[in-house]
Amino acid sequence: MTRTGRHFLQIPGPTNVPDRILRAMAAPTIDHRGPEFARLGLEVLEGIRAMFKTRGPVVMYPASGTGACEAALVNTLSAGDRVLIFETGWFSHIAWRQPAERLELNVEYVPGTWRRGASPEEIEARLSADKQHTIKAVVVVHNETSTGVTSRIAEIRRAMNRARHPALLLVDTVSSLASIDYCHDEWEVDVSAAGSQKGLMVPPGLSFNAISEKALAAGKTAKLPKAYWDWEPMLKNNQSGFFAYTPATNLLYGLREALNMLREEGLENVFRRHARHGEATRAAVRAWGLELVCEDPLEYSNSLSAVFTPDGHNADRLRDIILEHFDMSLGTGLGKLAGKAFRIGHLGAFNDLMLAGTLAGVEMGLRLAGVPYRQGGVMAALNTLTAVETATLVR
Ligand SMILES: Cc1ncc(COP(=O)(O)O)c(C=O)c1O
């Protein structure tokens, strides 16, 4: 089939890579031990800290997000350490529980429904009960990409402090960094793990650990074996802008441009843009009469929306029809949501008309797939977008 125009990549990451970033990457690869690289290295290592809202170090790996999650574990913990991992969906399992178990950590996987975030109350209760402080780390996915649910990390930190428990806080910000507000320092997160391919708008292949002083100190006694992921040689090399091994040079060109773009827009404006698009998408879902996976409005994700299809209507069939007819990719249902839900990514390089096109594709797809729905979702989204606009103009 001949395709015209641009493909709509509306999965919740990898996201659309802006032309500016593509062009920045289309440059000759340079000597990664030479002076030009050192300048690039220092620039991106400094710039990325603003994304995490941290003054501390950020280590970058030529790896996907899962690598950064593993790095967070192996640099801070020892075999047999007790860790609390909160079940929020597919990624709390695949990026955290499974690697942690394989690394022979003593994992307590706190059950969840996949419709809510990690509960601050539950965290406080569990930590308060651990009088001997045998729990070494609490692990939470900030924005669970399989469900469109955002856990409240600030409240979780407050709960941990109320329990006066010294456990480390490890947080996955893979699908929230540079799209939903995230404060590594203020929330006293010990290790934040992220990737390049979502809010940062860079292709897949870079991942990050923002590291607190407490995590660095824990690293001194952590005994899990590590080689590639070891922070120490990275931090040492990073001081002069270099890496412990060959970096993903051209992706770093892309990251430099992405940081410029995010700075130009202003990070708080980036968050507002995502919040607006999240709200408009949810207005469309409500108007269609469909149900969001996320149950709690306080935990709605602004970077993606996961939507149930009615019983008897396979969400992957709907996605296939939308891809075939409108050349748009939507996110599949993962794990126990396979076939039951689809995901609309509204993060990264994105604007009002792209959202309108995305939602129009979904609405037409619902019709073609014979899924029962009410018309008017796109209109509800447009009304939300223009209502917010009008309010701003009037003010
Ligand atoms: C929340 C979350 N954590 C971890 C990962 C794993 O990252 P990667 O697929 O880049 O290894 C993803 C990937 O989408 C994710 O969304």
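The text that follows walks through the structure, step by step, so that each part is easy to find. Here the structure is a predicted model, which is why all the values come from computation and not from measurement.

**Regarding the sheet that holds strand β14 (residues 341-345)**
Taken in spatial order, the 3 strands of this open sheet run β11-β12-β14, and their pairing is antiparallel. Two strands lie at the open edges of the sheet, namely β11 (291-292) and β14, each paired on one side alone. For β11 and strand β12 (residues 304-308), the ladder comprises 2 bridges, and the chain directions are antiparallel. Pairing of L292 across the sheet is with V307, part of β12.

**Some points on the sheet that holds strand β3 (residues 82-86)**
Through backbone hydrogen bonds, the strands of a sheet pair up, either in parallel or in antiparallel fashion. Reading across from one edge, β2-β10-β9-β8-β5-β3-β4 is the order of the 7 strands in this open sheet, with mixed pairing throughout. The strands lining the two open edges of the sheet, one partner per strand, are β2 (58-61) and β4 (106-110). Strand-to-strand twist of the sheet, defined as the mean angle between neighbouring strand axes without regard to direction, takes the value 20°. Sheet topology note: the strand β8 (residues 168-172)/strand β9 (residues 191-195) ladder contains 3 bridges and is parallel. Counterpart to D172 in the pairing with β9 is A193. Across the face of the sheet, helix α2 (residues 35-52) comes into contact with β2, β9 and β10 (207-211) while running at roughly 110° to β2.

**Brief notes about helix α4 (residues 90-102)**
Here α4 spans 17 Å end to end across 13 residues, near enough to the 18 Å set by a 1.5 Å rise per residue. Of all the bends in α4, the greatest reaches close to 30° and is centred on W96; the proline P99 follows between one and four positions later. Listed in full, the buried residues belonging to α4 are S92, A95, W96, P99 and A100. Phi for E104, located one or two positions after α4, is positive at around 65°.

Cut-off values and rules
- Residues numbered from 1 in each chain as written.
- Predicted model: local features only at pLDDT ≥ 70, side-chain atom pairs only at ≥ 80, totals over all residues.
- Heavy atoms only, no water.
- Pairing = 2+ DSSP bridges.
- Helix = DSSP H or I, 4+ residues; strand = E, 2+ residues; numbered from the N terminus.
- Axes fitted to C-alpha atoms, helices over the stretch in contact; angles between N-to-C directions.
- Contact = heavy atoms within 4.5 Å.
- Expected span 1.5 Å × (residues − 1).
- Bend = angle between axes of the 7 residues up to and from the residue.
- Buried < 20%, exposed > 50% of the residue type's maximum accessible area, 1.4 Å probe, protein only.

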